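Structural overview for review
Below, each chain spelled out in residue letters.
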Amino acid sequence: MSTNTPRKPMPSALTFDLHAKCSTTKARASTLTLPHGPVPLPIFMPVATQASIKGLTYDQLKQTGCMLCLNNTYHLGLKPGQSVLDAVGGAHKLQGWDRNILTDSGGFQMVSLLKLATITEEGVQFLSPHDGSPMLLTPEHSISLQNSIGSDIIMQLDDVIATTTPDRVRINEAMERSVRWLDRCIDAHKYPEKQNLFCIIQGGLDLELRKKCCAEMVVRDTPGIAIGGLSGGEAKEEFCKVVDTCTGLLPEEKPRYVMGVGYPEDLVVAVALGADMFDCVWPTRTARFGNAVTKNGTFNLRHISYANDFRPVDEDCPCACCRPTEKGGLGITRAYIYHLAAKETVGAHLLTIHNVHYLLSLMGSCRQSILEDRFPAFLREFFRNQYGDKSNYPAWAVGALRQVGVDLMED
Ligand SMILES: [Zn+2]
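Residues numbered from 1 in each chain as written. Predicted model: local features only at pLDDT ≥ 70, side-chain atom pairs only at ≥ 80, totals over all residues.

1. Quick look at the overall build of the protein
Scanning the protein from terminus to terminus reveals 14 helices and 16 strands. The globule rule puts the C-alpha radius of gyration for 411 residues at 22 Å, and the 21 Å found for the protein is close to it. A principal-axis box enclosing the C-alpha atoms of the protein has dimensions of 60 × 50 × 40 Å. Expressed as a percentage of its 411 residues, the buried residues of the protein come to 48%. Summarising the internal contacts of the protein: among those between residues at least 6 apart in sequence, 69% fall at separations of at least 24. (Helix = DSSP H or I, 4+ residues; strand = E, 2+ residues; numbered from the N terminus. Rg over C-alpha atoms; globule rule 2.2 N^0.38 Å. Buried ≥ 20, exposed ≤ 12 C-beta atoms within 10 Å, placed from the backbone. Contact = placed C-beta atoms within 7 Å.)

2. A short note on the sheet that holds strand 5 (residues 68–71)
In a beta sheet, neighbouring strands pair by backbone hydrogen bonds and run either parallel or antiparallel. Taking strand neighbours around the barrel as the criterion, the eight strands line up as 4-5-6-10-11-12-13-14 in a closed arrangement whose pairing is parallel. Sheet twist, expressed as the mean angle between neighbouring strand axes with direction ignored, is 30°. The pairing of strand 12 (residues 224–227) with strand 13 (residues 256–258) spans three bridges and is parallel. Looking at the pairing, A226 lines up with Y257 of strand 13. On the sheet, helix 8 (residues 236–247) packs against strand 11 (196–201), strand 12 and strand 13 and is oriented at approximately 155° with respect to strand 12. (Pairing = 2+ DSSP bridges. Axes fitted to C-alpha atoms, helices over the stretch in contact; angles between N-to-C directions.)

3. Digging into helix 8
Here helix 8 is 12 residues long and its end C-alpha atoms lie 16 Å apart, about the 16 Å a rise of 1.5 Å per residue gives. Every buried residue belonging to helix 8 is among F239, C240, V242, V243, D244, C246 and T247, and all of these are buried. (Expected span 1.5 Å × (residues − 1).)

4. Focus: the pairing of strand 4 (residues 43–48)
Sheet faces and side chains relate simply in a regular strand, where the side chains alternate between the two faces. Counting buried positions along strand 4 gives six out of six residues, so the element sits mostly inside the fold. Along strand 4, one buried face is formed by I43, M45 and V47 and the opposite face, lined by F44, P46 and A48, is buried too. When strand 4 meets strand 14 (residues 277–280), the two strands line up parallel, connected through four bridges. Within strand 14, the position partnered with F44 by the bridge is F278.

5. Details of the domain arrangement of the protein
Its domain assignment divides the protein into domain 1 (15–52 + 68–233) and domain 2 (287–373). Distance from the C-alpha centre of domain 1 to the C-alpha centre of domain 2: 30 Å. Facing the 12 residues of domain 1 at the interface are 10 residues of domain 2. Secondary-structure elements contributing two or more residues to the side of domain 1 that touches domain 2 are strand 1 (15–21), strand 2 (28–34) and strand 4. Here the side of domain 1 that touches domain 2 gets three residues from one element, more than from any other, and that element is strand 4. Per-class residue counts for the side of domain 1 that touches domain 2 are nine nonpolar, two polar and one charged. (Domains from an automatic or database assignment. Nonpolar A, V, L, I, M, F, W, Y, C, P; charged D, E, K, R; others polar.)

6. Some remarks on the UniProt feature "binding site: substrate" (unreviewed entry) in the protein
Mapped onto this numbering, the UniProt entry annotates "binding site: substrate" (unreviewed entry) at D104, S105, G106, G107, F108, D158, Q202 and G229. Apart from the residues within four sequence positions on either side, G107 is in contact with V124, L137, S142, L157, D158 and V160. You can see Q202 is positioned in the loop between strand 11 and helix 7 (207–219). Take Q202: there are 27 C-beta atoms within 10 Å of it, and that puts it in the buried class. Not counting residues up to four positions away in its chain, the partners in contact with Q202 are D158, D159, A174, M175, S178, C213, G228 and G229. (UniProt positions renumbered as here; feature names shortened; annotations may be inferred.)

7. Some thoughts on the pairing of strand 5
The alternating pattern of strand 5 places L68 and L70 on one face and C69 and N71 on the opposite face, and all of these are buried. Direction of pairing for strand 4 relative to strand 5: parallel, over a ladder of two bridges. Along strand 5, the bridge assignment pairs A48 with N71. In terms of strand pairing, strand 5 meets strand 6 (residues 100–103) through four bridges, oriented parallel. Of the residues in strand 6, the one forming a bridge with L70 is L102.

8. Considering the UniProt feature "active site" (unreviewed entry) in the protein
Those places that UniProt annotates as "active site" (unreviewed entry) correspond, in this numbering, to D104 and D279. Spatial clustering of the annotated residues is evident: they stretch over 176 residues in sequence, but the largest pairwise C-alpha distance comes to 10.6 Å. One can find D104 in the loop between strand 6 and helix 4 (107–113). Judged by C-beta crowding, with 29 C-beta atoms within 10 Å, D104 ranks as buried. Apart from residues lying up to four places away in sequence, D104 is in contact with L70, N72, T73, Q109 and M155. With respect to the helices and strands, D279 occurs in strand 14. Not counting residues up to four positions away in its chain, the partners in contact with D279 are M45, V47, L70, M259 and G260.

9. Quick word on the sheet that holds strand 9 (residues 134–137)
The antiparallel open sheet is built from three strands, whose spatial order is 7-8-9. Two strands close off the open sheet at either side, each with one partner strand: strand 7 (118–119) and strand 9. As judged from the four bridges shared by strand 8 (residues 124–127) and strand 9, these two strands associate in the antiparallel manner. Across the sheet, the residue bridging to F126 is M135, located in strand 9.

See below:
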């Protein structure tokens, strides 16, 4: 591996203004200004797989307050394909979305969706899901696709392996290869003045490998930095250790994105550990199973007990779904979702609006409390609302927050 090679400075198409740091934890409140407007951090980014969030129109997505959503390069590269993206002028125009887009590299999709993917130094080899012909996703091809998509943030191709793999040699190889692939991505990137390339820290659950990877990635000076390879079934304690270790080594003046995180308690703990950006398909996917994510926990509205429950999905929630009709909302009740859930997709759409809104406003509340330096009190209230009695609090969260100076068990 080339070690700490000095490279020419990379242009950046973003500004990052750090407004406040929590005086107890490592939490930060900032504004990330991208080519399609300012994004308040911390933020949750909903995932619009096929250039649409299932069940939501872009107007509805805008109403949730979303300033930055995620598109999958793999899906857009297959359909409509690169030539259509080039002809239309990128994914913003294709979708009619004038706010920011982040795209993944496509590698994770292949490794997770296609069992036949194999990784070599050249790239990710896979068989086309269309006709079974052999295909190769290289770092150069991934960046070329993302250049055609025109996303505001583009991700490097990385060598993704299961976090739980016991093979230390393979974990080390994946980490080192991810650094080499970053260099190829930097060289291939055609529009650094209008698209921001983020590197991805790898190294599995091995903190020494993570530290080594942080040093290698930081010196390459990309506009933003992601922590990858997590949320793959590892213990939450391990997840927290990796995030905490990495944020401790990353430069303060750059946004930090922890990939694949979407449970409310994971988000607030990761914010406390110094992370700024998150994405996950869970809140939108779980809506399709009738699950409402709320300040009092996640509950399934397909259960018979909601048949006569005429309260809003989440009481006092200002989203378009929950807000009463006299205040311009839809005034949707739990009973109505219960009624729809079995036979109508509209129930899933309504819950998707609520779930996305909930996570965006959860991050907004984190941000406000950091700005006012009352984030520890926010954390206490959050866990009280989610879990009720302290005996129900997850031990991993209590432990992780204790490491950054907040003891949830104290009053
Ligand atoms: Zn709501």
